[in-house]
Amino acid sequence: MSASTEQETAPIANSRNGRTGSVFRSFGSLFGGSQNSGDRPNTPQSGDGYVEFGMQDPERNGRTLGTFAGVFSPVALSMFSALVFIRVGYIVGNAGLYVTLLQFLIAYGILLFTVASVCAISTNGAIEGGGVYFMISRTLGLEFGGSIGTLFFFANVVGSAMAISGCTEGIMDNFGPGGHFVTGDSTLPDGKWWRFLTSSMINTLQLLVCLVGAALFAKTSVLILATVTVCLFATYISFLAMGATNDTIPVPVENNISKTIHFLNYTGLSANTLRENLGSHYGLDYTSNGKQVDFSTTFGVLFSGVTGIMAGANMSGELKNPSKSIPWGTLSAVAFTFVSYIILSFLMSCTTPYYTMQNNYLFLLPVNLWPPFTAIGILTATFSTGLSNLIGSSRILEALSKDQVFGSLLNFVLHGTWKGNPIAAVVVSWSLVECILLIGSFNIIAQINSVLFMLSYLATNLACLGIELTGAPNFRPLFKYFTWHTCLVGLLGTLIMMFVINPIYASSCIILCLILVIALHLFSPAATQAAQWGSISQALMFHQVRKYLLMLDPRKDHVKFWRPQILLLVSSPRSCCPLVDFVNDLKKSGLYIIGHVKLGDFKSAEDAEENQQWWSFLDHMRVKAFTEVTLSRSIREGVQHLIRLSGIGAMKPNTIILGFYDNEAPRDFFQNGSSPYKTDDFNTGDIQSFPIRRDGDPKHFQVQEYVQILCDTLRMKKNLCLCRNFQRLDKNFVAISKHVKYIDVWPINIFNPTSGDPFDMVSLFMMQLAVIMLAKWKHLRVRIFLCEASDERTVGTFDTQSPQMEIFSKMKLEQSLKELRITADIVEIQEWSRDSDFSRHAHTLRQFTAQADNALLEDDDDELGEERLNRSLIYMQRANQIIRERSDQTALSFVYLAAPPKLSTPDFAQRSASYMELLTELTAELPPTILVHGVSTVTSTTL
């Protein structure tokens, strides 16, 4: 509770332009701010706030791509991928036209809802490199963003491998054994490892293109898309113009299922063919060793081909205006590809028998009016898709490394960047693609790819749903065609279809995602840095906590569910680390607030940096607590504020804990070499945060004000605890020591010792606290000291009319403990009754303390009062000796705290000094001791 230095309020700065500047100048004059335009530089600072008034030229920042080249073309190419020329016939031939149309509707429905979420997030703020990872991490926070971003990175890697596998399949079926363009024996060698070699060569070619830069691909993507579109329209025309034939479509060499057939039938436009192709005819997949085809496998292949909706978002770092380009470019590409696929599926169903489509996945080439159109379409579509995924994966890996999600593990990616091109990230992605290519089968890779992409789509919908449900005022996306319903439908759709495609792959991906979430939460060095991103978990927790706080009704509190809700008042965290750590164990999952009073007035500016230091102190101590700092003209007034205003709703402190008022010099636990709390985090040069009173320095308040604070606490019906000697507490030593065995409870009011029932409200509160600490120190035992005091009438004339107190037997005490479910050892103390001198001094203390309430004794002479004080001190020294002799093996002592003198007592200043002097003698040289005074019922014997 240290004094604070007065600070001047900062003037309000002016704006950067004339008109806005005049407005700010008006506000500045209104609030006393300076009107001088030179008060603050005109250059916007990135760290000053969330709104940046200055605009940068996108081209100066490497952002050169528009909507068509940067979003529409990559998305359309990625959504065509290998599916358009290689696998649409596989899907229609097995699933039939009806189921195919249904699968396209499901797939594009999921995509459309996900695109709505992507558009909502991308138009709510500036997007940087990393695309989906950037959006999810800045919305869901580091843990979910990092884990989903990692899986999305792998999804792009698998997508690139799938496209390369499709490209290799097209090359082999065209130029391999039995290929359409093969004449004589001049064919490419075929086989598993030959295909892997071909795929590796394609992958290496993509690597070389990526090393040149993503901008080159983006500029050529328009030309590639135009080529694929021309080839696709040539296919449409061929379906309409090509007639029936029985010897045009050969059976591929790798098809070992239909060895007896050499050519497949093609009918051209035929109503009978359409009728036969309406229903499902699931067969065997000749590229997967004859694996049975079903709804899940066809949908897995279909969805893998249309997962390119994030290709534009992945290029966000190169877009001039991502917030505008991503929504319009993505939506138009989705619509274009959807129409193209529907037309292609319908024409296939009208012209090609299902048996033909099941046994030759590349039948489009021989039925084309000019077969090279199909070959060119296959190679350009698959190569561009693979290249787009490879670029996307490298950009996501670069974003992960920039954010230090995995610490120094990915630093090589940052060091391996040349002219903005993440060369190291590209090489890593290329290496992983090589590993995936070892799987070989296009259809198996496609299912893995679909599940990984669906998980990233699920996270995107979850991010948008969460931020929409929190009702955050700053969530104002420019894209309005979405609601929480679209987010929820997209989320449920992706989750269900993940398990439809492959439950094992889906479960594995979700488990891996959760492992990454936990690992990043526990170990990621970027966790503190990520606080500036914002996390939706904080918004959701605020939403829920507020709701449940309103439901928590203090009128329904019951003693059965009582728990300590503690306000610990500290002067400086440096000197009370053991006490802060101890109270964290004492709170028993209750509210814990650390309060501090700064001396000063409200002309002093509130230092936001100091609040950050308090939070850093909680992190350093690893305690589950809140901090409250108040500013007042006196310590007593500040404590009153803290007691009355700390907490919220039904979560208000019921127990106030203070350090003991003595003359010992505080110990700096941050600088003590043997302290477990040692740290240099709160030292900046010669300036120390949380300064402490040095030996010889005056205190900030006097003993009278301290006792007044005790009286105020009890008047506000709060339980009171005074802690002394906690600088001696070593929790680690208590945990491992075999010498320390006990937690002691002294339920006798040493200021007024009687042999009455020790189970008054104060004693029960002491025992409750002792049992709470026993749950933390399980190897210790509770000892309760049963003190038999003498009858008051045998030692003096004080209060001769009071009745004789009933002797409370040990047996009755044991029975009461049993009813309270408290396991404790009972130790009887005889000194209060057998030592006549001790009893006389105790009687003197009763007379001395009783003067506060007895008006007849107000005129006692000073010599008599001084004599009584001296006898009381002797009594306290003897009581201290009794406790100290039995505390050799004690970790912690709970001692009955007598009520302080009333504020209305004459000579309150003198009596408060005497009160504290007696407490000082009582607790001198004891182990860590808590003086306890309870004012509320805290135990229950009923169910």
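These numbers were taken from a predicted model, which means no experiment stands behind them.

**Q** Would you take a moment to explain the overall build of the chain for this structure?
**A** If you tally the helices and strands in the chain, you get 30 helices and 18 strands. In the chain, buried positions account for 53% of the 943 residues. Look at the contacts in the chain between residues 6 or more apart in sequence, and 82% of them connect residues 24 or more apart. Entry remark: accessible area of the chain is about 43,000 Å², with carbon and sulfur atoms responsible for 57%.

**Q** Looking at this model, I keep getting lost on the sheet that holds strand E15 (residues 781-787). Mind explaining?
**A** In spatial order, the strands read E9-E8-E7-E10-E13-E18-E17-E14-E15-E16; together these 10 strands make up an open sheet with mixed pairing. Lying at the two open borders of the sheet, with one neighbouring strand each, are strand E9 (626-632) and strand E16 (825-829). The mean angle between the axes of side-by-side strands here comes to 25°, regardless of whether they run parallel or antiparallel. As judged from the five bridges shared by strand E13 (residues 719-724) and strand E18 (residues 929-933), these two strands associate in the antiparallel manner. Counted as the bridge partner of Cys723 is Ile930 from E18. The sheet contacts of helix H25 (residues 761-776) involve strand E10 (655-659), E13, strand E14 (742-746), E15, strand E17 (890-896) and E18, and relative to E17 the element is tilted by about 160°.

**Q** Teacher, can you tell me more about the pattern of salt bridges here?
**A** It is possible for side chains of opposite charge to pair when their charged atoms get near one another. If you walk through the whole model with that rule in mind, you get 14 salt bridges. The salt bridge involving Glu398 is made with Lys402; its shortest N-O contact spans 3.6 Å. With Glu398 and Lys402 both in helix H13 (residues 372-402), this residue pair falls four residues apart, about one helical turn. Taken together, the shared-partner salt bridges in this structure form one network comprising Asp581, Asp585 and Lys731.

**Q** Any chance you could explain the side chain of Ser632 here in plain terms?
**A** Relative to the helices and strands, Ser632 is located in strand E9. Residue Ser632 is classed as buried on the basis of its relative accessible area, which comes to 3%. Among the polar contacts made by the side chain of Ser632, one reaches the main-chain amide nitrogen of Gly638 at a distance of 3.1 Å. Every residue in contact with Ser632, bar those within four places of it in the chain, is listed here: Val597, Lys598, Leu599, Gly600, Glu637, Gly638 and His641.

**Q** I tried to follow the pairing of strand E8 (residues 592-599) on my own but got confused; where do I start?
**A** Regular strands place their side chains on alternate faces of the sheet. Within E8, eight of the eight residues are buried, which leaves it mostly tucked inside the rest of the structure. Here E8 shows no split at all, with Tyr592, Ile594, His596 and Lys598 on one side and Ile593, Gly595, Val597 and Leu599 on the other all buried. Looking at chain direction, strand E7 (residues 566-569) and E8 are connected through four bridges and run parallel. Of the residues in E8, the one forming a bridge with Leu567 is Ile593. In this fold, E7 hands off to helix H20 (residues 577-586), which returns the chain to E8; that crossover is right-handed. In this structure, E8 lies alongside E9, joined through seven bridges in parallel fashion. Each bridged residue has a counterpart across the sheet, and for Ile593 the counterpart in E9 is Phe626.

**Q** Would you explain the confidence of the model for the chain in this entry?
**A** The predicted structure's coordinates, where accompanied by low pLDDT, should not be read in detail. A residue-level look at the chain finds 81% of positions with pLDDT of 70 or above and a mean pLDDT of 80. The least confident element of the chain is helix H1 (residues 18-30), whose mean pLDDT is 36; the most confident is E7, at 96. Low pLDDT, under 50, characterises residues 792-807; the predicted model gives this stretch 24 contacts beyond four residues in sequence or across chains.

**Q** Is there a simple way to explain a positive patch on the surface in this structure?
**A** Together, Arg563, Lys588, Lys624, Lys776 and Lys778 make up a positively charged patch on the protein surface. By secondary structure assignment, the location of Arg563 is in the loop between helix H19 (536-551) and E7. What makes Arg563 partly exposed here is its relative accessible area of 37%.

**Q** Whenever I open this one, the environment of Trp777 confuses me. Can you help?
**A** Relative to the elements of secondary structure, Trp777 occurs in the loop between H25 and E15. As for Trp777 and Ala891, which are separated by 114 residues in sequence, their C-alpha atoms are 9.6 Å apart. Trp777 has contacts with Phe582, Leu729, Lys731, Val734, Ile743, Ala891 and Leu892, leaving out every residue within four places of it along the chain.

**Q** For this particular structure, what's the right way to read the nonpolar core?
**A** General note: in soluble globular proteins, nonpolar side chains tend to be found buried as a group. By size, the foremost hydrophobic cluster in this structure holds 132 residues, and its most contacted members are Phe303, Val306 and Tyr341. Ranked by residue count, the leading element in this core is helix H3 (residues 83-122), at 19 residues. When residues no more than four places from it in sequence are discounted, the contact partners of Val306 are Met79, Leu83, Ala107, Tyr108, Leu111 and Tyr341.

**Q** Can you walk me through the packing of aromatic side chains in this structure?
**A** Two aromatic rings are characterised by how far apart their centres lie and by the angle between their planes. This model, assessed by the stated rule, comprises 35 aromatic pairs. Here the basic side chain of Lys699 rests over the ring of Tyr661, its NZ or CZ set 3.6 Å away from the ring centre. Positioned above the aromatic ring of Tyr742 is the side chain of Arg783, whose terminal nitrogen or guanidinium carbon lies 4.0 Å from the ring centre.

**Q** Help me understand a nonpolar patch on the surface, please; the structure alone is not making it clear to me.
**A** On the surface, Leu469, Trp484, Leu488, Leu492 and Ile496 cluster together into a nonpolar patch covering about 440 Å² of accessible area. A total of four residues in the nonpolar patch trace back to one element, the largest contributor, which is helix H17 (residues 484-501). One can find Leu488 in helix H17.

**Q** Please explain the packing of helix H5 (residues 142-175) against H13 as it appears in this structure.
**A** The description of two packed helices rests on the angle between their axes and on the distance between the axes. At a closest axis distance of 8 Å, the pairing of H5 and H13 adopts a crossing angle of 160°. The angle between the axes of H5 and H13 places the two elements in the roughly antiparallel class. As H5 runs across H13, the sense of the crossing is left-handed. The residue inventory of the contact of H5 with H13, partitioned by class, reads 13 nonpolar, 15 polar and no charged.

**Q** I keep staring at the side chain of Asp668 and nothing clicks. Help me out?
**A** Among the structural elements, Asp668 can be located in the loop between E10 and strand E11 (683-684). When its relative accessible area of 11% is taken as the criterion, Asp668 is described as buried. Reaching out from Asp668, the side chain makes a polar contact with the backbone nitrogen of Phe670 at a distance of 3.0 Å. Setting aside residues no more than four positions away along its own chain, Asp668 makes contact with Arg574, Gln688, Ile692 and Arg694.

**Q** Where do I start with the state of the cysteines in this structure?
**A** Working definition: the covalent bond between the sulfur atoms of two cysteines is a disulfide. In the structure shown here, the tally under the stated rule is zero disulfides. Cys464 takes part in no disulfide bond, and the closest cysteine sulfur, belonging to Cys487, lies 3.5 Å away. Classification of Cys464 by relative accessible area gives buried; the value is 0%. Considering cysteine sulfurs only, Cys513 is the nearest to Cys509, which forms no disulfide, with 9.0 Å between them.

**Q** How do you make sense of the pairing of E7 when you look at a structure like this?
**A** Side chains Ile566 and Leu568 of E7 all project onto a buried face; the interleaved residues Leu567 and Leu569 project onto the opposite face, where all are buried too. Sheet topology places E7 next to E10; four bridges connect them, and they run parallel. Bridging from a neighbouring strand, Leu567 pairs with Ile656 of E10.

**Q** Looking at this structure, how should I read helix H23 (residues 703-715)?
**A** Within an α-helix, residues lying three or four positions from one another point in the same direction, as the helix has 3.6 residues per turn. Spanning 13 residues, H23 covers 18 Å between terminal C-alpha atoms, matching the ideal 18 Å at 1.5 Å per step. With 11 of 13 residues buried, H23 is to be regarded as a mostly interior element. Of all the positions in H23, only Val703, Glu705, Tyr706, Val707, Gln708, Ile709, Leu710, Cys711, Asp712, Thr713 and Leu714 are classed as buried. Just downstream of H23 lies Lys717, where phi reads positive at about 60°.

**Q** When you look at unusual backbone geometry in this model, what are you seeing that I'm missing?
**A** As a rule of thumb, non-glycine residues mostly have phi less than zero, and peptide bonds are mostly trans rather than cis. Unlike most non-glycine residues, Ser589 shows phi in positive territory, near 65°. Tracing the backbone shows Ser589 in the loop between H20 and E8. Even without a glycine there, the phi angle at Asp907 is positive, about 55°. Inspection of the secondary structure assignment puts Asp907 in the loop between E17 and helix H30 (908-923).

Here is what the cut-offs are and how they apply
Residues numbered from 1 in each chain as written. Predicted model: local features only at pLDDT ≥ 70, side-chain atom pairs only at ≥ 80, totals over all residues. Heavy atoms only, no water. Helix = DSSP H or I, 4+ residues; strand = E, 2+ residues; numbered from the N terminus. Buried < 20%, exposed > 50% of the residue type's maximum accessible area, 1.4 Å probe, protein only. Contact = heavy atoms within 4.5 Å. Areas by Shrake-Rupley, 256 points an atom, 1.4 Å probe, with all protein chains shown as cover. Pairing = 2+ DSSP bridges. Axes fitted to C-alpha atoms, helices over the stretch in contact; angles between N-to-C directions. Salt bridge = Lys/Arg side-chain N within 4 Å of Asp/Glu carboxyl O. Polar contact = N/O pair within 3.5 Å; in protein donor to acceptor, adjacent residues only side chain to side chain. Right-handed = clockwise from strand over helix to strand, strands pointing away. pLDDT = per-residue confidence, 0-100. Patch = residues over 30% accessible without salt bridge, like charges linked within 9 Å, V, L, I, M, F, W, Y side chains within 5 Å. Lys, Arg positive; Asp, Glu negative; His and termini not counted. Charge placed at Lys NZ, Arg CZ, Asp CG, Glu CD. Core = buried A, V, L, I, M, F, W, Y, C linked by side-chain atoms within 4.5 Å. Phe/Tyr/Trp six-rings, centres within 6.5 Å; stacked < 30°, edge-to-face > 60°. Lys NZ or Arg CZ within 6 Å of the ring centre and 35° of its normal. Parallel < 35°, antiparallel > 145°, perpendicular 65-115°, else oblique. Left-handed = near helix turned anticlockwise from the far one by under 90°. Nonpolar A, V, L, I, M, F, W, Y, C, P; charged D, E, K, R; others polar. Disulfide = S-S within 2.5 Å. Expected span 1.5 Å × (residues − 1).

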